[in-house]
Amino acid sequence: MSTGLEISRVREWLPQLNNPLLIAGPCSLESEEQALATARMLARDHRVFVFRGGVWKPRTRPGSFEGMGSVALRWLQTVREETGLPVGTEVANATHTEEALKHGIDVLWIGARSTASPFVVQEIADVVRGTDAVVMVKNPVNPDLQLWMGAIERVYRAGIRHIVAIHRGFTPFGETKYRNYPNWQTVIELRRLMPEVPVICDPSHIAGKREYLYEIAQKAFDMGLEGLMIESHVDPSCALSDKEQQLTPADLGLLLDRLVIRHQSAANPLFDNQLEVLRNRIDALDKELLEVLSSRMDIVREIGRYKRENNVTALQINRWAQLMEDRTQLGKKLNLAEAFTKVLFQMIHEDSVRIQTEIMDHTNGER
Ligand code: PEP
Ligand code: MN
């Protein structure tokens, strides 16, 4: 499936890239020394392709460090001159965007709070119109795929063809393990609906803590994402923002060593053949599954008519409880996850009740 978006692949604007796209740098640019010290160490690791650094920081509550502002754009220029790395920063309004473009910043990204506001996204899109900027769009703070896609479309309609989506997780409700919970289902949907848009993962803002970075980054590669944006600070212990989640460049190197990078296809030619064979079997089984479900619903209709004739309710709670218990046990024996069997039968049962209720309503109408 294709939406016809003509988005350039990342390799086209970073020809030297040998997958994945790795963007690293501090949460915030704090001083020229901090920026340069971090960048020099990162540039020594040839897996890093873009240096990131926050100039204007969207803090949830006022009073915390809000970034150094425009002066930090000059530090990004120095980083590029010294290390040769392209540089990127977050822009959250028209003025930021104008300033960043004026300073020749290579990569601009729209932060999660901004993506949630179509007005802000439009304002930024209007400024980048007619340039060949690279624009990355983080997911909005709330798990609203339409809002994420809408932001990508606004940037696209402004003529930008170098677009990357970033999964940075969604605001949780209450206390959770991660600072922002990842929602891979939403990412899969984005990739299905906009297959042209490369997607990378920001494990730092998902994790909130260094110890979880590895598992999230590995999951991102397992899900076929094309890269990572990860926060790295020369000395995280004295970082002015997001202290707990930043890695030293050396620790970032160690994390990258542990990651298994997966590819969309294998180098081995036999792989595709074997995969095809297995997929054919899945296709056949899915067809059987649907046929079995269809026969099951035929019987449900028959039961519905029978209950109607005998004036019995559509939902019989004892039978339902018994069925659920039985199917979950059977599922377990067949090596299916309990949660999966439960959800599956809840859906099947819900539709069975719907069908039977419709049959009964129909009778009421006749009376
Ligand atoms: C950031 O990347 O520094 C940042 C503030 O991210 P987000 O918009 O994902 O919160
Ligand atoms: Mn941050």
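Heads up: the structure comes first, above all this text.
Since the model is a prediction, treat every value here as computed from it, not as a measurement.

A. Geometry of the overall build of the protein chain. Counting its regular elements, the protein chain contains 14 helices and eight strands. Looking at the protein chain residue by residue over its 367 residues, the buried ones come to 47%. Pairs at least 24 apart in sequence give 72% of the contacts found in the protein chain among residues at least 6 apart. Accessible area of the protein chain: about 19,400 Å², with a carbon and sulfur share of 53%. Once the 44 positive and 49 negative side-chain charges of the protein chain are each reduced to a mean point, those two points are 3 Å apart.

B. Seen up close, the coordination of the manganese ion (ligand 2). Here the manganese ion (ligand 2) is held by the protein donor atoms Cys-27 (SG), His-205 (NE2), Glu-231 (OE) and Asp-242 (OD), which lie 2.0 to 2.4 Å from it. In primary-sequence terms, the residues that donate to the manganese ion (ligand 2) follow C-x177-H-x25-E-x10-D. With Cys-27 in the loop between β1 (21-25) and α2 (32-44) and Asp-242 in the loop between β8 (227-231) and α11 (249-258), the pair connects residues that are 215 residues apart, well separated along the chain.

C. How the structure looks around empty space enclosed by the protein. Under the defined criterion, the tally for this structure stands at one cavity of 30 Å³ or more. Here the largest cavity is characterised by a volume of approximately 130 Å³. Lys-57, Pro-58, Glu-90, Arg-113 and His-205 are the residues nearest the centre of the largest cavity, which is lined by 15 residues in total. In the lining of the largest cavity, the residues fall into four nonpolar, two polar and nine charged.

D. Up close: the nonpolar core. Of all hydrophobic cores here, the largest spans 67 residues; its most connected members are Phe-51, Ile-152 and Leu-190. Here the element with the most residues in this core is helix α7 (residues 145-157); it accounts for seven residues. In contact with Leu-190, other than residues within four places in its own chain, are Leu-145, Trp-148, Met-149, Ile-152, Ala-165, Pro-195 and Val-199. Counting residues in each nonpolar core, the second largest holds 16 residues, with Val-10, Val-107, Ile-166 and Ile-200 among its members.

E. Examining the site of ligand 1 more closely. Neighbouring ligand 1 are Arg-52, Lys-57, Pro-58, Glu-90, Trp-109, Gly-111, Ala-112, Arg-113, Lys-138, Arg-168, His-205 and Glu-231. Note that an oxygen atom of ligand 1 is positioned 2.9 Å from one of the backbone N or O atoms of Ala-112. His-205 is positioned such that a nitrogen or oxygen atom in its side chain is 3.5 Å from an oxygen atom of ligand 1. Protein coverage of the free-state accessible area of ligand 1, which is 300 Å², stands at 99%.

Here is what the cut-offs are and how they apply
Residues numbered from 1 in each chain as written. Chains lettered and ligands numbered in written order. Predicted model: local features only at pLDDT ≥ 70, side-chain atom pairs only at ≥ 80, totals over all residues. Heavy atoms only, no water. Helix = DSSP H or I, 4+ residues; strand = E, 2+ residues; numbered from the N terminus. Buried < 20%, exposed > 50% of the residue type's maximum accessible area, 1.4 Å probe, protein only. Contact = heavy atoms within 4.5 Å. Areas by Shrake-Rupley, 256 points an atom, 1.4 Å probe, with all protein chains shown as cover. Lys, Arg positive; Asp, Glu negative; His and termini not counted. Charge placed at Lys NZ, Arg CZ, Asp CG, Glu CD. Donors = N, O, S within 2.8 Å, 3.2 Å for Na, K, Ca; no water. 1 Å grid on protein atoms, 1.4 Å probe; cavity = no way out; pocket = protein on both sides within 12 Å on 5 of 7 lines; lining within 4 Å. Points joined across faces, edges and corners; volume = space filled by probe spheres on them. Nonpolar A, V, L, I, M, F, W, Y, C, P; charged D, E, K, R; others polar. Core = buried A, V, L, I, M, F, W, Y, C linked by side-chain atoms within 4.5 Å. Near = heavy atom within 4 Å. Polar contact = N/O pair within 3.5 Å; in protein donor to acceptor, adjacent residues only side chain to side chain.

In short, shape yes, function no, at least from these values alone.
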